Structures are given as C-alpha cells and as structure tokens.
Amino acid sequence: MPRIPAVLRAVALSAAALAVVTAAPPAAEAKPEPKAPKAFVALRDVDPTILQEIRYATPHTFVGERIDGYRRPLCILTSPAAKALHRAQKKLLRQGYTLKVYDCYRPQRAVDHFVAWAKDLDDQSMKAEFYPRVDKSRLFEDGYIAEKSGHSRGSTLDVTLVKLPAGPTRPYEPGEPLLPCYAPRDERFPDNSVDMGTGYDCFDTLSHTMDPRITGEQRANRMLLKNTLEGVGFANLPEEWWHFTHKPELFPDTYFDFPVSRRSLTHH
C-alpha cells in the first residue's frame, strides 16, 4: 500500500477536527433566574421599622457558611404575610419592642444546601453551637432538616423580639470559639433580642415553644411573641419558638426557587 504523504495526512486530520467542531451542539445559553410572583414583596417596603438580621446571608449558620440563594440580606414575603407582620409591629412598638426577622422566604436551592450538608456526617464544624446534644446522623429523623420547607412557599418567617432602644449585635467572626445555643444568655453568642431561652436555630428540645423548662422572663417573652403574631393570623410551629406561618397561605403547595435579592422582585 502506498504511503500517504505527510502533508496530505495533516490536511486530512485538520478536516476531521473541523468536522467534529462543526457537528458539536451550540453551547447552551445561560438559563435566566426565576422571578418572584407579583404577590411577593420586600418587607422593608411594607414596614422599614422591623429589624432584619438575615442569618443565612452570613457564615453564622449551622452549616458554617453563607447559604445558596441568599444574594442579599433581605426579607421577602408574600404581601399578606408582610402586611400582617406590620400590624403586629404597630402593637409591639407601643409596648416598647420591635420585631426582628432572621429568615423569611427561603429558596429551594437553600433547602437543598441544608440537605447536602446534613448528609455529610464528617462536617460538624458548627456542632458546638447549634446542635451540641444531637447526633448529626439523626437530623432528618428528628425533624431538624427536611427536603422541603414551608419558608419556600413565602408566608413563613423566623422572628424574635428586641427591646427598644435596640442595641447592635456584634458580627460573628468565622473560627471564633463556639458556645452552646442553650447556654444562659450571657454565655451564648450575643444577640440584641430579648432572652428566649435559646439562640436562633438551636437544634434542641429547649427550642420547643412551650417546653416546661422555659419559665419566668424567658417564657413571658415567648408568649408575647406568640400571642402577638397569632393575633394577626400567624401560626407557630411548636418545635421552634421563632417559626411562624401566616394563614391562609397564598401559595400552600408551591415551593419557589428565585434567589433572595431585589432583582427577583424587579418585574413588579
């Protein structure tokens, strides 16, 4: 068989490579981010007096890092939930308190982040603060982590009370020594809120709203928050003193995934 000259072989290889490139499908265009329905609002536009400390936009979380989907430290809610919270705030301001929200609408991608973290049993960097007495392997079984969250439907929020005038809460420094979330107020991570008996996101039975071990001022604070919010249409989750859902929910069966950012509301 005659040998093919080197030049012809090079031409043939170049043509083959060009054919492969030509046949390759075009690169997929970037998928646009989902937007919030018009029924969603920024809480600050409804009531700018309510304090916002959106924890999942910071590294001070039980995961130990900022959570997926939180582009800005912003509380987004369905309009009925935001308006109800405004009514509660007006009542509390007359009593010398303000509401402070830790979390509001939560995209599904953030819940997925929680689930992936919970399945990684080797990552226990924040255990000493958020779940000192709970084995991480039991987070799903004990109900602390789930595949879906009511927060993703837009009418659920995590909230506390702050006595006026409100002092600052110092920022969390990644890597700082961790203290149990159920420790006495002066011994756990500082928060400008009133004493609720545990810190926020404390994976412990002491976080159950009506736990009988919570007495005195701590119980009175929980009851003030619970009774005020129930009076404007919210229902408390019994396992978490900070967790409330406005009823009836505007989107009871929809789990949204638009990011937490002003841009998600720009089509309004």
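In this report, we go over the structure that sits alongside the text. (Residues numbered from 1 in each chain as written. Predicted model: local features only at pLDDT ≥ 70, side-chain atom pairs only at ≥ 80, totals over all residues. Heavy atoms only, no water.)

So, on to the overall build of the chain. For the chain, the count of helices and strands is six helices and seven strands. Secondary structure of the chain in N-to-C order comes out as α-β-α-β-β-α-β-α-α-β-α-β-β. Expressed as a percentage of the 268 residues in the chain, the buried residues total 47%. If you take every contact in the chain between residues at least 6 apart in sequence, the share linking residues at least 24 apart comes to 74%. If you sum the accessible surface of the chain, you get close to 13700 Å²; carbon and sulfur atoms cover 58% of it. (Helix = DSSP H or I, 4+ residues; strand = E, 2+ residues; numbered from the N terminus. Buried < 20%, exposed > 50% of the residue type's maximum accessible area, 1.4 Å probe, protein only. Contact = heavy atoms within 4.5 Å. Areas by Shrake-Rupley, 256 points an atom, 1.4 Å probe, with all protein chains shown as cover.)

A contiguous patch of positive charge, built from Lys35, Arg66, Arg72 and Arg263, is present on the exposed surface. On the secondary structure map, Arg66 appears in the loop between β2 (51-52) and β3 (76-78). (Patch = residues over 30% accessible without salt bridge, like charges linked within 9 Å, V, L, I, M, F, W, Y side chains within 5 Å. Salt bridge = Lys/Arg side-chain N within 4 Å of Asp/Glu carboxyl O. Lys, Arg positive; Asp, Glu negative; His and termini not counted. Charge placed at Lys NZ, Arg CZ, Asp CG, Glu CD.)

It is worth spelling out the environment of Glu173 at this point. Residue position: Glu173 is located in the loop between β5 (156-163) and α6 (216-230). As a C-alpha pair, Glu173 and His60 span 113 residues in sequence and 8.1 Å in three-dimensional space.

Here we take up a negative patch on the surface. Judged by side-chain charge, Glu65, Asp68, Asp112 and Glu147 come together as a negatively charged surface patch. The exposure class of Asp68 is partly exposed, given its relative accessible area of 40%.

Residue Pro165 follows Leu164 across a cis peptide bond; omega there is -5 degrees. The residue after Lys247, namely Pro248, is reached through a cis peptide bond having omega -10 degrees. Among the structural elements, Pro248 can be located in the segment after β7 (243-246).

Let's shift gears to the state of the cysteines. Tallied over the entire structure, the rule returns two disulfides. Residue pairing for Cys75: its cysteine sulfur links by disulfide to Cys104, the two sulfurs lying 2.0 Å apart. Torsion about the S-S bond of the Cys75 and Cys104 cystine: about -100 degrees, corresponding to left-handed handedness. With Cys75 in the loop between β2 and β3 and Cys104 in the loop between β4 (97-103) and α4 (108-119), this pair connects stretches of sequence that are 29 residues apart. The burial state of Cys75 is the same as that of Cys104; both residues are buried. Disulfide pairing is shown between Cys181 and Cys202; the S-S distance is 2.0 Å. A torsion of 60 degrees about the S-S bond marks the disulfide between Cys181 and Cys202 as right-handed. Here Cys202 lies in the loop between β5 and α6 and Cys181 lies in the loop between β5 and α6, a separation of 21 residues in the sequence. For the residue pair Cys181 and Cys202, the accessibility class agrees, reading buried in each case. Ordering the disulfide-forming cysteines of the chain by sequence position, one finds them joined as 1-2, 3-4. (Disulfide = S-S within 2.5 Å.)

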